Amino acid sequence: MAMIQVRLPPEATLADALRLLRLSDEDADAGYGLVAVVPGLRVLRVSEEAARRLVGDLAAGRVPAELVDVFSDPRVEPQEPGDR
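Reading the values: rules and limits
- Residues numbered from 1 in each chain as written.
- Predicted model: local features only at pLDDT ≥ 70, side-chain atom pairs only at ≥ 80, totals over all residues.
- Heavy atoms only, no water.
- Helix = DSSP H or I, 4+ residues; strand = E, 2+ residues; numbered from the N terminus.
- Buried < 20%, exposed > 50% of the residue type's maximum accessible area, 1.4 Å probe, protein only.
- Contact = heavy atoms within 4.5 Å.
- Pairing = 2+ DSSP bridges.
- Axes fitted to C-alpha atoms, helices over the stretch in contact; angles between N-to-C directions.

**Q** Tell me about the overall build of the chain, and please be specific about residues and values.
**A** Regarding its fold elements, the chain presents 2 helices and 4 strands. The secondary structure elements of the chain, listed N-terminal to C-terminal, are β-α-β-β-α-β. Projected onto the principal axes, the alpha-carbon positions of the chain cover approximately 45 × 25 × 25 Å. Among the 84 residues that make up the chain, the fraction classed as buried is 33%. For the chain, contacts bridging at least 24 residues in sequence account for 60% of all contacts bridging at least 6.

See below:
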């Protein structure tokens, strides 16, 4: 999965974010949803393939670059006692 940070108005929904990002419902983690970080800034999780397409759309100017950032979302797992 990848984490997408998007600048949206407070009343925006997950559907609004997906429309702006040119993604489908299947691309997003609906269980995670659209999470407000600070006013005007939201995050959502998408598949790795959707993130790759989004990066291409950003590079081609099909998605406004000033509104979106793409981040990895690595799995967090417990450490073994010897790993500390």
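Here the narrative resumes, following the displayed structure.
**Q** Kindly report on the sheet that holds strand 2 (residues 35-38), identifying the contributing residues and their values.
**A** Strand pairing in a sheet relies on backbone hydrogen bonds. The paired strands run either parallel or antiparallel. Overall, antiparallel pairing links the 4 strands, which are arranged 2-3-1-4 in an open sheet. Looking at strand neighbours, the two that pair on one side only are strand 2 and strand 4 (68-72), the edges of this open sheet. Here the strands of the sheet are splayed against their neighbours by 30 degrees on average, with no regard to which way each runs. As defined by bridge partners, strand 1 (residues 2-7) adjoins strand 3 (residues 41-46) across 6 bridges and the pair is classed as antiparallel. Bridge pairing in strand 3 places Ile4 opposite Leu44. Set on the sheet, helix 2 (residues 48-60) makes contact with strand 1, strand 3 and strand 4; between it and strand 4 the angle comes to about 145 degrees.

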